[in-house]
Amino acid sequence: MNALDKYFKLSENGTTVRTELLAGLTTFLTMAYIIFVNPSILGDAGMPKDSVFVATCLAAAVGTLIMGLYANYPIGLAPGMGLNAYFAYAVVKGMGFPWQAALGAVLISGCLFLIVSLLRIRELIIKSIPKSLRTAIPAGIGLFLGIISLKSAGIIAANPATFVTMGDLHHPAAVMAIIGFLVIVALDRLKVRGALLIGILLVTVLSFLFGGNHFSGVFAPPPSLAPTFLQLDVKGALSMGLLNVVLVFFLVELFDATGTLMGVAQRAGLMKDGKMDRLNKALMADSTAIVAGSLLGTSSTTAYIESAAGVQAGGRTGLTAVAIAVLFLLCLFIAPLAGVVPAYATAPALFFVACLMVRELVHIDWDDTTECVPAVITALVMPFTYSIANGLALGFISYAGLKLLTGRVKDVSVVIWIIAAIFLFKLIYLGE
């Protein structure tokens, strides 16, 4: 105990081993849904679900362990929601790239993130991006997740005349997804830990009774990781022109990780004069996890805002993160359970996350049209073109263009001009 106290500085942070372990369990319960959702989403991209399940558990464990042992923060990491959807539905299914090349793009973005963290130029990039666009990115991803989840649940369907229409709400899958969503929202409102996980498991149980699903057990040895391990194609990613894909991964990872880390640290009282003492170490842990995840066979890994639940339970040090990592490793032995979770069971959790992300729009300056219009363009183009990249491209381009036309060129940083120029070149000369 003395060794743990000394290494993690438990006494200094006013916490105990018991409190840290309970906080780790709390955070794990709130983010464990990813072990069911991630294989479902990446499976749609043609990746073997069993291997993705293993990669998800290992990537979460490795990333969170680094965060705990190296950065000493009570923050859990796992493959990020939104980026996994972009990986599967936009890059692989939308653009037609092999998932191996998409993993290569994830590795490149992770290496860029690592370099940015090492050289300490992250703050320069973050400060250069206007608040309106930083706010619009998670909101747009939320809308993108929303349309994906509604489609998975069968609540919306394609229509040749209107593009999209209401699905068959009499179908058992749609009914069960709606029930699951309402349960998740209610449990979250009642502050029940693991609301999303409970919702997923509830719909899965209902699927055995009303959806024709078949139970195949809970525990088993971990499936093979071989089908995804080191299967990434970096050369393919570079030769196929995935520059904008790498840029999207990098920008979203940068904003998401920084915002989450600072938000959780703020709630834990770990900020000093508005700054995190070990922010660079935390970002290093985050970027290393992205690289490790791409090698294992999963989309970008990032810090989870659900870590705030563990902080609320008293977690203050990296021991909380170590506990989370151990629990993710134990999940390797429940592959049969993960394999029977249908897409319409994870859809309610996905839609709830979408709802939480869209509320970021409240922070936009609605009185300045040169700020709010590019933000809205960013957020709306993502779901309507089924591409986060398109939303970012038109958002940055319209922001720079409107500032130029209104004589406010000085409001636009050099970084914005560079990003807007890259996206404009991509759209004009390279197409979508």
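Definitions and limits used
- Residues numbered from 1 in each chain as written.
- Predicted model: local features only at pLDDT ≥ 70, side-chain atom pairs only at ≥ 80, totals over all residues.
- Heavy atoms only, no water.
- Salt bridge = Lys/Arg side-chain N within 4 Å of Asp/Glu carboxyl O.
- Helix = DSSP H or I, 4+ residues; strand = E, 2+ residues; numbered from the N terminus.
- Buried < 20%, exposed > 50% of the residue type's maximum accessible area, 1.4 Å probe, protein only.
- Axes fitted to C-alpha atoms, helices over the stretch in contact; angles between N-to-C directions.
- Parallel < 35°, antiparallel > 145°, perpendicular 65-115°, else oblique.
- Left-handed = near helix turned anticlockwise from the far one by under 90°.
- Contact = heavy atoms within 4.5 Å.
- Nonpolar A, V, L, I, M, F, W, Y, C, P; charged D, E, K, R; others polar.
- Phe/Tyr/Trp six-rings, centres within 6.5 Å; stacked < 30°, edge-to-face > 60°.
- Expected span 1.5 Å × (residues − 1).
- pLDDT = per-residue confidence, 0-100.
- Core = buried A, V, L, I, M, F, W, Y, C linked by side-chain atoms within 4.5 Å.
- Pairing = 2+ DSSP bridges.

What about the pattern of salt bridges?
Okay, so step 1: Applying the stated criterion to the full structure yields four salt bridges.
Okay, so step 2: With a closest N to O distance of 2.9 Å, Lys403 and Glu371 form a salt bridge. Here Lys403, found in helix α19 (residues 388–405), pairs with Glu371, found in helix α18 (residues 369–384); they are 32 residues apart in sequence, far enough to count as distant.
Okay, so step 3: The exposure class of Glu371 is buried, given its relative accessible area of 14%.
Okay, so step 4: Between Asp411 and Lys403 there is a salt bridge, with the nearest N and O atoms lying 3.7 Å from each other.
Okay, so step 5: Salt bridges sharing partners connect three or more residues here, namely Asp368, Glu371, Lys403, Arg408 and Asp411.

Let's talk about the packing of helix α3 (residues 34–43) against helix α5 (residues 83–92)
Okay, so step 1: Where α3 contacts α5, the two axes come as close as 9 Å, and the packing angle between them is 20°. Here α5 runs roughly parallel to α3, going by the angle between their axes. Of the two possible hands of crossing, α3 and α5 adopt the one that is left-handed. Contact residues: α3 offers Ile34, Asn38, Ile41 and Leu42, while α5 offers Asn84, Ala85, Phe87, Ala88 and Tyr89.
Okay, so step 2: Class assignment of the residues belonging to the contact of α3 with α5 gives a composition of seven nonpolar, two polar and no charged.

Here we look at the packing of helix α2 (residues 17–31) against helix α15 (residues 318–330)
Okay, so step 1: Where α2 contacts α15, the axes come no closer than 7 Å and their chain directions differ by 50°. As summarised for this structure, α2 and α15 are arranged oblique, according to the angle between their axes. Judged by the sense of rotation from one axis to the other, the crossing of α2 with α15 is right-handed. Across the interface between the two elements, Val17, Glu20, Leu21, Ala23, Gly24, Leu25, Thr27, Phe28 and Met31 of α2 pack against Leu319, Thr320, Ala323, Ile324, Leu327 and Phe328 of α15.

So, the packing of aromatic side chains
Okay, so step 1: Scanning the model with the defined rule gives seven aromatic pairs in all.
Okay, so step 2: Residues Tyr33 and Tyr304 carry aromatic rings whose centres are separated by 6.5 Å and whose planes lie at 50° to one another, so their mutual orientation is tilted. Here the residue Tyr33 occupies a position in the loop between α2 and α3, and Tyr304 occupies one in the loop between β6 (301–303) and α14 (307–312), the gap between them amounting to 271 residues. The pair formed by Tyr33 and Tyr304 is uniform in burial state, with each residue classed as buried.
Okay, so step 3: Plain terms: the ring middles of Phe113 and Phe250 are 6.4 Å apart, the flat faces sit at 90° to each other, and that makes the pair edge-to-face. With Phe113 in helix α6 (residues 99–118) and Phe250 in helix α12 (residues 243–268), the pair connects residues that are 137 residues apart, well separated along the chain.

With respect to α19
Okay, so step 1: With 18 residues, α19 should cover 26 Å at 1.5 Å per step; its first-to-last C-alpha distance of 26 Å lies within 8% of that length.
Okay, so step 2: Of the residues making up α19, those classed as buried are Ile388, Ala389, Asn390, Gly391, Leu392, Ala393, Gly395, Phe396, Ser398, Tyr399, Ala400 and Lys403.
Okay, so step 3: With its phi angle positive at about 70°, Gly407 sits one or two positions after the end of α19.

Some words on the confidence of the model for the protein
Okay, so step 1: Averaged over all residues, the pLDDT of the protein equals 84, while 94% of them reach at least 70.
Okay, so step 2: No element of the protein has a lower mean pLDDT than strand β5 (residues 275–276), which averages 65, and none a higher one than helix α9 (residues 172–189), which averages 93.

Section: the nonpolar core
Okay, so step 1: Membership of the largest hydrophobic core comes to 126 residues, with the highest contact counts inside it found for Phe87 and Phe396.
Okay, so step 2: Here the element with the most residues in this core is α12; it accounts for 13 residues.
Okay, so step 3: For Phe87, the residues in contact, after removing those within four places along its chain, are Leu42, Met47, Val92, Trp99, Ala102, Leu103, Val106, Phe249 and Ser299.

A word on the pairing of strand β2 (residues 156–159)
Okay, so step 1: As paired strands, β2 and strand β3 (residues 163–166) are joined by four bridges and run antiparallel to one another. Bridged to Ile156 within β3 is Met166.

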